[in-house]
Each structure stands twice: as C-alpha cells, then as structure tokens.
Amino acid sequence: MIGDLKKSQIDWRQIKRCVLAECKKLDARIAVVGTKESASCLLDIIADTDIPLAGIYERVEFNGKPQFHGHPVHPLNELSQLKPEDVVVIASSAEATQLYDTFMRIRSLCPCRVIHLKTLLRTFSLIDELKDPLKFEFDHFLFGNGLLPLSGESSYWHPVPPDVDFRDKTVLELGPFEGHDTVMILDQKPKKVIGLEARPLNYAKISVMRSLYNWQNYELLLGDMHLFPQLVKDKIDIIFCAGVFYHSDKPWWLLENCMEQCDTIVLCGHVASEHSPSGQQKRQVTLASGTYDFEVYPECGWEDGLSGVTSESLWFKEEDLIHFLDYHGFRFKKYSEHVNPLGLWMMSVVTRK
Ligand SMILES: C[S@@+](CC[C@H](N)C(=O)[O-])C[C@H]1O[C@@H](n2cnc3c(N)ncnc32)[C@H](O)[C@@H]1O
C-alpha cells in the first residue's frame, strides 16, 4: 500500500512529512520489524533524519548476516535486547488482525510499545480519505433524520441504553461510527470518553459532532480497535463495545484485550443463532477456553462506513460467547435483544466476577 503511494511524487512528499511528524511524536528509538516494501519505505523516510533506529528485525528465519538498507538484520528473538522505552513498528500494510501472531510474538519478546505502520500513516490517511467532500454524508442515526441532535431532545442510543452508570467514569468507545452513542454517553456526565475509530471518514464526522457539542472531556483516536491497549494511555473504567465485535475476524482477541484492561464492558451486537441467514459458512477455532464454531460473514469493505476493516468477520454463538467470557472470569448479563434481517442482535453488560 505505502509502496503504491510512493509512485506518486506529490503523495510521497506528503506521506514523508506525516510519517516523520508521527515518528518524532514517539520520542523514542524505533525498531523496525520487516524487510519488505513497507519496511523499505519507512527506512527511506527516516534515513538522514535524527530519528534513532533501534535496529531492523525479521520474523522469517534466515541464514548468514543479511543487510537491509545498509543495516544488519536481526532475528526476531533479539528484540529481547530492546529497552522498555523503545517502540517497535511492524512494517506491514496488512490489517491489524492479520498481524496477530507477529504482534503476540513481539509482545512475548520485549516490554516495548508495539505499533502498526498504519499508526504512523494516520495523518496521511485522513488527508487522503477526506479529499472528496461529496462523500461527507451523515447516515440515518443523526443528521440523516434531518435533526440536529441536541442533548435531551431525542435518544440516539443504538437502540437501547445500557443499565450502566457512566458518571465520573473513563469510557473507551470502540467504533463510534458517527458519534450517535457518544452523544448519549457524554450526556451521562462521564469523566472522559475516548473514541477509537478505524475509518478516517467516520473520524472526521465525529470531529464535527465534537465541535458542534463542544465536547471537552473527549479524545478521538484513529486506529484499529484490536490494538487499543497500545493506543490508549488512560486507565479505562468502562468499554463501550457496541456493534463492533461481530465486525472482527478475531473477536476473541478484541474481547481478551477488553477483559485484560477493564472490569465492565457494554457488549452489544450480532451473534450466530437460528435467526442467522441460512447457509452461512462455519469455521472452527480452538482457543485456550475450548473449540468454537463461528459463523463467517463477508465484510462490505471501505465503501460502507459501518463494516469491519478485514474481508470477513466471525460471529460467536451466544452460548459460546458466555462460556468464553466465563472462562476469563467475566459474568454476562443480557438486557435486551431483537432480530433484524441480519439475525439476532443482543445487548449485554459484561462484568468481572
Ligand atoms: C456497525 S458500526 C457500529 C456503530 C456504533 N458503535 C453502534 O453500535 O451503533 C461499526 C463501527 O466500527 C468501526 N470499525 C470497524 N472495524 C473497526 C476496527 N477494526 N477498529 C476500529 N473501528 C472499527 C466502523 O468504521 C464503524 O464506525
């Protein structure tokens, strides 16, 4: 992806400026994992700058003493020599969930912050995705109704509010889309809300909401929800995980991260059931807690502002989800459900036992 952009000189200058600014913000030595085109582009960008390189590492086994861009390439297990304040960048254009194994391996080798090349490209992707203002349309939840949603005037909960006290809490909202639930959460007087959204266009729409409402206690991040422990600095009290875990091809990873980082999760979305569309493909996955049969769904891609960022998603059955959460020491309490054309949608609050 970054390699294609390099072919356009104008974009490439802009990418370089954006990536350099992000690297400077890290204020750390950078260890690059990868020796393919993405790594080559990153090294071109930081060459001849004062950004300190902590080395180049390759996960694929190799013989001899290979060099890349004039630097020695180290095997991945030498990441254990890094200092905790170093930052590891996975130089790949793959989506975060496709890098799960690499990510986990790196985390097992060193205590450093691990980021994805896309994190360094986020400013550029905002500039690039938002070039065409005609795409800037809000969906039906908010302005699509012709309403300017003012606090207390109308309910934008999708679709029912959870029985959770948000007052004075720090809330992480995953995949806020256009901010319709954010309006409602912020109305409950939390201490702070952090929104983490993968799509630049949605990020921009939420930014409009933010200025419209003058949200002070709000932070908006552009990035992949599976990586939130690496992106969010605050201690989280509640994770609002609505309409997103069934848009993941590794929903267990997302949920494990949520359970590691906080005690209360508002978990709403589709689950596989007898109401699912017929003939759905199945996939068996074995995790530490057992073997699960997931339903597999295609995702609609980037044209649809609501879908996931990978080509498919895996849906838990509700009973499997309960078992999985229970295994990790969490209690599942459903507060509502309904059936829509895509199948069963359930709403729950999941708390540490
Ligand atoms: C179906 S909408 C849910 C919107 C809202 N949370 C709700 O429940 O009504 C899914 C949202 O998650 C975002 N999203 C999908 N995959 C994501 C990912 N891997 N990381 C962060 N956001 C993601 C989409 O861009 C979209 O805004």
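Anyway, here's the lowdown on the structure attached to this text. (Residues numbered from 1 in each chain as written. Predicted model: local features only at pLDDT ≥ 70, side-chain atom pairs only at ≥ 80, totals over all residues.)

Orientation of helix H6 (residues 122-129) relative to helix H8 (residues 200-213), taken along the N-to-C sense of each, is 85 degrees, at an axis distance of 9 Å. As the angle between them shows, H6 and H8 are arranged roughly perpendicular. When H6 is examined against H8, the residues Ser-125, Leu-126 and Glu-129 are found in contact with a partner set consisting of Pro-200, Leu-201 and Tyr-203. Residue composition of the contact of H6 with H8, grouped by class: four nonpolar, one polar and one charged. (Axes fitted to C-alpha atoms, helices over the stretch in contact; angles between N-to-C directions. Helix = DSSP H or I, 4+ residues; strand = E, 2+ residues; numbered from the N terminus. Parallel < 35°, antiparallel > 145°, perpendicular 65-115°, else oblique. Contact = placed C-beta atoms within 7 Å. Nonpolar A, V, L, I, M, F, W, Y, C, P; charged D, E, K, R; others polar.)

On to the sheet that holds strand E16 (residues 343-352), then. Judged by pairing direction, the sheet is mixed, and its seven strands sit side by side in the order E9-E8-E7-E10-E11-E16-E15 without closing on themselves. At either margin of the open sheet sits one strand with a lone partner, and together these are strand E9 (218-222) and strand E15 (330-340). The sheet shows a mean angle of 15 degrees between the axes of neighbouring strands, taken without regard to direction. Here strand E8 (residues 192-197) runs beside E9; their pairing, made up of five bridges, is parallel. Bridging across to E9, Val-193 finds its partner in Tyr-218. Along the sheet, H8 contacts E8 and E9; its crossing angle with E9, the most-contacted strand, is approximately 165 degrees. (Pairing = 2+ DSSP bridges.)

What follows concerns helix H11 (residues 318-327). Of the positions making up H11, those classed as buried are Asp-320, Leu-321, Phe-324 and Leu-325. Each buried residue of H11 sits inside an arc of 130 degrees when the element is viewed along its axis, so together they form one side. Of the surrounding secondary structure, the elements contacted by the buried residues of H11 are helix H10 (251-261), strand E11 (264-271), strand E13 (290-298), E15 and E16. Just downstream of H11 lies Gly-329, where phi reads positive at about 85 degrees. (Buried ≥ 20, exposed ≤ 12 C-beta atoms within 10 Å, placed from the backbone. Arc of directions from axis to C-beta.)

Glancing now at the environment of Arg-122. Checked against the element boundaries, Arg-122 lands in helix H6. Taking the C-alpha atoms as reference points, Arg-122 and Ile-15, 107 residues apart in sequence, are found 9.8 Å from one another. When residues no more than four places from it in sequence are discounted, the contact partners of Arg-122 are Leu-222 and Gly-223.

This paragraph deals with the environment of Trp-12. Assignment of secondary structure puts Trp-12 in helix H2 (residues 9-26). The spacing of Trp-12 and Cys-41 is 29 residues in sequence and 9.8 Å in space, taken between C-alpha atoms.

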